[in-house]
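A look at the structure
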Amino acid sequence: MTDAVEEKLKLLPESPGVYIMKDDHGRIIYVGKAIVLKNRVRQYFQSSRNHTPKVRAMVSHVADFETIMTHSEVEALILECNLIKKHRPRYNISLKDDKSYPYVKVTVQEEYPRVFITRRVLKDGAQYFGPYTDVTAVHESLKLLRRLFPLRTCRRLQERPCLEYHIKRCLAPCVGKVPKEDYAAMVHAVLLFLEGRTEDVERELQSRMKQAAETFHFEVAARLRDQLLAVRKVAEKQTIITGVGDQDAVGMARSEAGVCVQVFFIRAGKMIGREHFLLQGSEEESDEAILLAFLQQYYHRAAFVPREVLLPLELAAEEKSLLEVFLSEKKCNAKVQVHCPQRGTKHDIVKMAEGNAGKYLADEAMRVKQAMQRTRGAVEELGRYLGLKHPPYRMECFDISHFQGAETVASMVVFEDGIAKKSDYRRFKIKSTEGKPDDFLSMREVTRRRYVGLAEDELPDLIVIDGGKGQLSSALEIIRGEGGHADVPVVGLAKQFELVFTEGNSEPVVLPRRSASLYLIQRIRDEAHRFAITYHRKLRGKRNLVSVLDHVVGIGPKRRAALHAHFGTIAKIKKACVEELAAAPGMNRPAAEAVHNFFHAMEGRVAGKLETEANIDKKE
C-alpha cells in the first residue's frame with residue numbers, strides 16, 4: 001500500500017458514492033459503488049485472507065484511488081454504470097463488446113419521423129429499441145417494417161418526390177402526398193409493432209381500413225388491408241408465454257467457455273425475441289454478483305424497461321430493492337418488479353432461457369474446439385505426416401507470379417499456430433529474370449534474399465515452396481548451400497494434386513483427403529498465391545499507366561511517377577482539369593496542358609470513330 005493510499009483512507013467520507021481504483025500508470029482498473037464509502041473502500045486494504053484471488057490481484061496493483069460522493073445509492077449505481085462503460089476497467093465484470101450493439105431508432109421528435117438502425121443512444125427526443133446482438137435480424141426486421149409501413153428514409157425533406165416514392169416505398173410526405181394524420185398513424189403502428197403489441201396494431205389497422213372503405217378511399221383501404229395481413233402473419237409466429245404483461249426473462253449459464261446471459265423479450269404476453277450476452281472478468285465471481293452486474297449494465301443502456309424482470313436466482317434483499325428503484329426511475333417512475341419465480345409458466349420460461357444460454361455456451365465451446373483442430377491440431381497433424389521432429393508452428397510459404405516473364409514477383413506468407421500472421425508477410429520484385437520466365441531462377445533469388453545471412457533462431461519450423469521437385473531443388477540449392485541452413489525442413493507442394501515433395505525422397509507424401517493438415521497446407525498455398533497475384537496486378541497497373549503517359553510530350557519518368565502517386569489511376573488523370581494536373585508535385589502548367597490536351601484529343605478520336613461507324617451502319 002502506497003503512502004498516498006494510506007493518507008486517503010483516513011479521509012474517506014461516510015456517504016454513498018463511487019470509488020475508482022487506479023494502477024501506477026494512472027489507468028482505471030476497477031470501479032465500484034458503496035452505501036458508505038469509508039467502510040467499503042477500507043475493506044479492500046484490510047486482511048486479505050477473506051479476499052478472492054481476483055480481489056487480491058486487483059489490490060496489489062492499486063497505487064491510488066478516487067471517490068465521488070452522491071446523494072443516494074441509486075445515483076451511485078447510475079454513475080458506476082457510466083464509468084464502467086466509459087473506461088472498461090480490467091477487474092470489473094463487463095458486457096463483451098457492448099459498444100457495438102445496434103438499436104432501432106424512431107425519430108418521433110421530427111415532423112415526419114423515420115426508422116433506422118443506430119449504435120448511439122442520444123437524449124434527442126427519439127424513441128430507441130434494443131440493444132440487439134444479432135445485427136442480421138435487426139436489418140431483416142427493419143426491412144419488414146419498411147415494407148409494411150412506407151415511412152420516409154431521407155435525412156432531409158426533399159423539394160420533390162424521390163425514387164422511393166415512385167417505386168412505392170415512400171408516401172412522399174415531403175410534398176404533401178400523404179395527410180399528416182395518416183403518417184402519424186403509421187408511426188404509431190410502427191412503435192406498437194416494435195414493442196411487440198401486434199394485437200393493438202391489428203385493431204388499429206382494421207379500424208382504419210373500415211373507415212377508409214366507408215369513405216370510398218379504396219386505394220388506402222387496400223394498402224391497409226395488405227399491412228393487416230402481413231402483421232397477422234408475423235403475429236402467428238409468436239408464441240404465447242404468460243398471457244399478459246411485459247416481461248424480460250433472464251437465464252444464465254456458466255462453463256469453461258465463459259458466462260452467457262440470455263434474455264427473452266415478452267411483450268403483451270408474447271415472446272417477440274431474444275438476445276444473448278457474453279460477460280468478461282467473471283471467472284471467480286459468484287452467480288449472484290455476475291447476474292447483478294449484468295442487470296445493472298444492461299438496463300442502464302436498455303431502451304425499454306418492462307414492468308417485470310424474471311430472474312434465475314434470488315438477489316439479496318438490499319440489492320433487489322436498489323435494482324427495483326433504479327429500474328422504476330428508468331421507466332419514468334412506473335413500478336418495476338424483480339423476482340425469481342419458483343413455479344408455473346414464469347418459472348418455465350426462465351428455465352427455457354437458461355437452457356438456451358447453456359446451449360449457446362456448448363456451441364461456442366464446440367466452435368473453439370473445431371477452430372483448434374483447424375489450426376494447432378492441423379499443425380501437429382501435418383508435422384506427424386511429414387515426419388518432423390517438432391510441429392511446424394511457424395511456416396513460411398513462397399509463390400512466384402508473372403505474365404509471360406514480365407513483372408515477375410514472389411510472395412512470402414507466414415502462418416503461426418495455423419493462423420495467418422499478415423504483419424510478417426513479404427513481397428519481392430524479381431530482378432534476375434527480367435523479360436524471360438524462369439521460375440527456378442526466380443525461386444533461387446527469393447530464397448537467397450530471404451535466408452542467406454539469416455540467423456538460425458530466426459528460421460521458421462517449415463518452409464513450403466509452391467511448386468514441384470524443380471522449384472524445391474532450386475530452393476534447397478540456396479538454403480542448404482549459400483544459406484548454410486542444414487536443419488530447417490523444406491517441402492514442395494505440387495499444384496495439381498496437393499502432393500508434398502520432401503527432401504531426398506522420390507515419392508511424394510500424400511496427405512489424407514478431408515484431413516485438417518491437407519486443408520491447412522491448401523490455405524497456406526492459396527494465401528501465398530493470392531498475395532503474389534495482388535502484388536503482380538499492382539505492378540502491371542503501374543506499368544500500364546506509364547505506357548499511356550509515354551506518348552505525352554514533356555512528361556518524363558519523374559512526372560509520370562508524380563502523376564501516378566498523386567492521382568492513383570489513369571481514369572482520375574483523364575478526368576482532372578488543367579489546374580488539378582498542375583497541382584501535382586513536379587508538374588507545371590505547360591506540362592498539365594499537354595496531358596489534358598492529349599486525353600482530350602484521344603476522346604475526340606474515339607468519338608469520331610464511333611460517329612463514322614454509326615453513319616456506315618445507317619447507309620447499310
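Look a little higher up for the structure.
Below is a short write-up of the structure. Predicted model, so just to flag it, every value in this text is computed and none were measured.

**Some points on the packing of aromatic side chains**
All chains considered together, the criterion is met by 13 aromatic pairs. Their ring planes at 35° and their centres at 6.2 Å tell us that Tyr19 and Tyr30 sit as a pair that is tilted. Residue Tyr19 is found in strand S1 (residues 17-22), and its partner Tyr30 is found in strand S2 (residues 28-34); the two are separated by eleven residues along the sequence. Of the two residues, Tyr19 and Tyr30, neither departs from the other in class, the shared state being buried.

**Details of the pattern of salt bridges**
Overall, the coordinates contain 30 salt bridges when judged by the stated rule. Residue Arg449 pairs with Glu445 through a salt bridge whose shortest N-O separation is 3.0 Å. Of this pair, Arg449 and Glu445 both sit in helix H13 (residues 439-451), four residues apart, which is roughly one turn of that helix. A relative accessible area of 9% places Glu445 in the buried class. Counted as one network, the salt bridges with shared partners bring together Arg394, Glu396, Glu416, Lys421, Asp424 and Arg450.

**Comments concerning the pairing of strand S18 (residues 462-466)**
In terms of residue burial, S18 counts as a mostly covered element, since five of its five residues are buried. Of the two faces of S18, the one lined by Leu462, Val464 and Asp466 and the one lined by Ile463 and Ile465 are each fully buried. The sheet contact formed by S18 and strand S19 (residues 490-493) spans four bridges and is parallel. Pairing of Ile465 across the sheet is with Gly492, part of S19.

**Comments concerning the sheet that holds strand S6 (residues 115-118)**
Within the open sheet, the three strands sit side by side as S6-S5-S7. Their pairing is antiparallel. Pairing within the sheet leaves two strands with one partner each, and these edge strands are S6 and strand S7 (127-129). Averaged over neighbouring strand pairs, the angle between their axes works out to 30° when direction is ignored. Where strand S5 (residues 103-106) and S6 come together, four bridges link them in antiparallel fashion. Residue pairing for S6: Lys105 is matched across the bridge by Phe116. The strands touched by helix H7 (residues 180-194) are S5, S6 and S7; relative to S5, the strand with the most contacts, the crossing angle is about 155°.

Cut-off values and rules
- Residues numbered from 1 in each chain as written.
- Predicted model: local features only at pLDDT ≥ 70, side-chain atom pairs only at ≥ 80, totals over all residues.
- Heavy atoms only, no water.
- Phe/Tyr/Trp six-rings, centres within 6.5 Å; stacked < 30°, edge-to-face > 60°.
- Helix = DSSP H or I, 4+ residues; strand = E, 2+ residues; numbered from the N terminus.
- Buried < 20%, exposed > 50% of the residue type's maximum accessible area, 1.4 Å probe, protein only.
- Salt bridge = Lys/Arg side-chain N within 4 Å of Asp/Glu carboxyl O.
- Pairing = 2+ DSSP bridges.
- Axes fitted to C-alpha atoms, helices over the stretch in contact; angles between N-to-C directions.
- Contact = heavy atoms within 4.5 Å.

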